[in-house]
Amino acid sequence: MQQKYMSRMHMAKLERASFGSKLGVILATAGSAVGLGNVWRFPYMAGQNGGAVFIIIYVICVLLLGIPCMISEFIIGRHAQSNTARAYRKVGGRNPLSYIGYMGVLTGFLITGYYAVVSGWCLQYIWASVIGHLDGGNPEFFKTYFTEFSQDPVKPIFWTFLMLLATYLIIEHGVRDGIERASKIFMPILFILLLIIVVASCMLPNASQGIEFLFKPDKSMINSDVFLGALGQSFYSLSIAMGCICTYASYFSKQTNLTSSAVQIGIIDSIVAILAGLMIFPAAFSVGVNPDSGPSLIFITLPNVFQQAFGGMPIVGYIISILFYLLLSLAALTSLISLHEVSTSFFHEEFHITRKAAAIIVTVSCCFMGIICSLSLGPTGSTLHFFEKTLFDIFDFVTGQIFLPVVGFLTCILIGWFVPHKLVHDEFTNCGTLRIGRYFHFYLFLVKYVCPLCILFIFLHQLGLI
């Protein structure tokens, strides 16, 4: 029996997939990071926290917090060449912190369930834009439309299933033929759509006010909330501590420059976030809409903005609305693929089943989670409310405000204080073949001291303790 198990493990190791090119590595991992966090969350966070000031602090946080944390997950994933749970066990050994990999997998799994619901909303808005349901409305109409749709017991679930089915069909084809190929198609399309909408938005009357809001810092807006908000957004935006980065790194070759890859992904992620601001705020200022509309910005405020901004050019407004929600859906899908892969890889390797079977288990489970999360938002979901919160809100709170900071914090502690520095150095420098060794001690200093303290502040702030 033991011989059969060892043979199985040996075959799994031989068959382990990898990305086929450097471009595939960058686009796939950037696709994991670039999602609704950039196109949806970043603009309203910037709107609520002073625009340019928030962006400057956010970029600094990406450099000092996000990239070191990303490199740490890269090191764990590539060294272990296995799913996130096993990777942490291999790197951490008998240290109790080595079991936080399971928490990372669970975090990614739970996020997939409710993230698919929000992704499904994007598909609904593409359809509504195509058939003209979003034409001729007023602010109250768009609010009513979103409320009625999100509380409908059938429609959101249908779109959730459709998004998860699309994700499954990509994941099923593996790393190179599925994830990498999809990333090479979706990411360029995403950038093209983003640039088209940015140009259209910036050409509107009074758009310069929105551009100034994003790029002219107002020192009076600087306060502790802005700093902590930017720290939290950098963490959320880069998909850190969800298992995505670690899982994708397990498909990296030994020649992949981890530091260079992390910097490039951080730059791409920040550019997309800033472009999302350029896409939204010039249009919002053009029609006199406040830039601090909050989470409702995408589904309630923006349809009204498009309606008013392009009112004199109905066909342009019609096209921009479709392209915008197509962009949003692609961003959601690229992140959903990476989240799905975390759990698929775990089931595939830990339970020794085929990749297809693992993908089916994850998809079906996430469909079930999607159903109960969606139903909890409607009037029929009163039994799915706990502590005066919907199940959807509980999933969001537990994963975003507890699991992510905890996993990120403990990962930094593990890498900075317990994993042998030689192992970390070898992965950081590709066994001394890269001339970046002089940056190693700076990276280690950030991971040992700066990152844990920053993450701790985020955690305490999110819990309302500071």
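Please refer to the structure placed before this passage.
Worth saying up front: this structure is predicted, and the values here are computed from it rather than measured.

Definitions and cut-offs
- Residues numbered from 1 in each chain as written.
- Predicted model: local features only at pLDDT ≥ 70, side-chain atom pairs only at ≥ 80, totals over all residues.
- Heavy atoms only, no water.
- Helix = DSSP H or I, 4+ residues; strand = E, 2+ residues; numbered from the N terminus.
- Core = buried A, V, L, I, M, F, W, Y, C linked by side-chain atoms within 4.5 Å.
- Buried < 20%, exposed > 50% of the residue type's maximum accessible area, 1.4 Å probe, protein only.
- Contact = heavy atoms within 4.5 Å.
- Phe/Tyr/Trp six-rings, centres within 6.5 Å; stacked < 30°, edge-to-face > 60°.
- Lys NZ or Arg CZ within 6 Å of the ring centre and 35° of its normal.
- 1 Å grid on protein atoms, 1.4 Å probe; cavity = no way out; pocket = protein on both sides within 12 Å on 5 of 7 lines; lining within 4 Å.
- Points joined across faces, edges and corners; volume = space filled by probe spheres on them.
- Nonpolar A, V, L, I, M, F, W, Y, C, P; charged D, E, K, R; others polar.
- Axes fitted to C-alpha atoms, helices over the stretch in contact; angles between N-to-C directions.
- Parallel < 35°, antiparallel > 145°, perpendicular 65-115°, else oblique.
- Left-handed = near helix turned anticlockwise from the far one by under 90°.
- Polar contact = N/O pair within 3.5 Å; in protein donor to acceptor, adjacent residues only side chain to side chain.
- Salt bridge = Lys/Arg side-chain N within 4 Å of Asp/Glu carboxyl O.

Caption draft 1: Structural context of unusual backbone geometry. One non-glycine residue with positive phi stands out, namely Ala241, at about 75°. Take Ala241: it is sitting in the loop between helix H11 (224-237) and helix H12 (244-249). One non-glycine residue, His352, adopts positive backbone phi at about 55°. Along the chain, His352 falls in the loop between helix H15 (314-350) and helix H16 (355-375).

Caption draft 2: Spotlight on the nonpolar core. One finds Met279, Phe299 and Tyr325 to be the most contacted residues of the largest nonpolar core, which totals 164 residues. Ignoring anything within four residues of it in the chain, the contact list for Met279 reads Val39, Leu194, Ile197, Val198, Ser201, Phe324 and Leu327.

Caption draft 3: Just the packing of aromatic side chains, in detail. Within the structure shown, the criterion is met by 31 aromatic pairs. Seen in terms of ring centroids, Tyr125 and Tyr325 are 5.1 Å apart; in terms of plane orientation they differ by 45°. Their pairing is tilted. Of this pair, Tyr125 sits in helix H6 (residues 100-130) while Tyr325 is found in helix H15, placing the two residues 200 residues apart along the sequence. Tyr125 gets classed as buried once you look at its relative accessible area, which sits at 1%. When the ring of Phe141 is compared with that of Tyr145, the centres are 6.1 Å apart and the planes differ by 40°; the resulting orientation is tilted. Highlighted residues: Phe141 and Tyr145, both in helix H7 (residues 139-150), separated by 4 residues, approximately one helical turn. Each member of the aromatic cluster is reached from another via a ring pair, and the members are Tyr114, Trp121, Tyr125, Phe141, Phe142, Tyr145, Phe146, Phe299, Phe324, Tyr325 and Phe392. The side chain of Lys389 reaches across the aromatic face of Phe397, ending 5.5 Å from its centre. One residue, Lys448, lies across the ring of Trp417, its end atom 4.3 Å from the ring centre.

Caption draft 4: Spotlight on empty space enclosed by the protein. Enumeration over the complete set of coordinates arrives at 2 cavities of 30 Å³ or more. Roughly 160 Å³ of internal volume is contained in the largest cavity. Forming the boundary of the largest cavity are 21 residues, of which Tyr115, Tyr236, Ser239, Met242 and Ser335 lie nearest the centre. Mapped onto the lining of the largest cavity, the elements with two or more residues apiece are helix H2 (22-33), helix H3 (36-48), H6, H11, H15 and helix H17 (391-418). One number sums up the size of the second largest cavity: a volume of about 30 Å³. Lining the second largest cavity are Ala28, Gly31, Ile179, Ser183, Tyr248, Thr334 and Ile337. Of all the secondary structure elements, the ones that give two or more residues to the lining of the second largest cavity are H2, helix H9 (175-202) and H15. For the lining of the second largest cavity, the class distribution of residues is 4 nonpolar, 3 polar and no charged.

Caption draft 5: Broad picture of the environment of Phe146. Relative to the assigned elements, Phe146 resides in helix H7. For the pair Phe146 and Phe299, spaced 153 residues apart in sequence, the C-alpha separation works out to 6.7 Å. Residues in contact with Phe146, not counting those within four places in the same chain, are Trp121, Tyr125, Phe299 and Ile300.

Caption draft 6: Quick peek at the packing of H6 against H7. Relative to each other, H6 and H7 sit at 125°, their axes nearing to 12 Å. Of the possible angle classes, the one that applies to H6 and H7 is oblique. The two elements H6 and H7 cross, and the hand of that crossing is right-handed. On H7, the residues that touch Trp121, Gln124, Tyr125 and Ala128 of H6 are Tyr145, Phe146, Phe149 and Ser150. Looking at the contact of H6 with H7 residue by residue, the class counts come to 6 nonpolar, 2 polar and no charged.

Caption draft 7: View of the side chain of Arg355. Within the secondary structure layout, Arg355 lies in helix H16. By relative accessible area, Arg355 is classed as buried at 16%. There is a polar contact of 2.5 Å between the side chain of Arg355 and the side chain of Glu341.

Caption draft 8: Here's a closer look at the pattern of salt bridges. With the rule as written, the count across this model stands at 10 salt bridges. Residue Lys422 is joined to Asp426 by a salt bridge in which the shortest nitrogen-to-oxygen separation is 2.9 Å. Of this pair, Lys422 and Asp426 both sit in helix H18 (residues 421-428), 4 residues apart, roughly one helical turn. Accessibility expressed as a relative area gives 23% for Asp426, which makes it partly exposed. Where salt bridges share partners, they join Arg78, Lys254 and Glu427 into one cluster.

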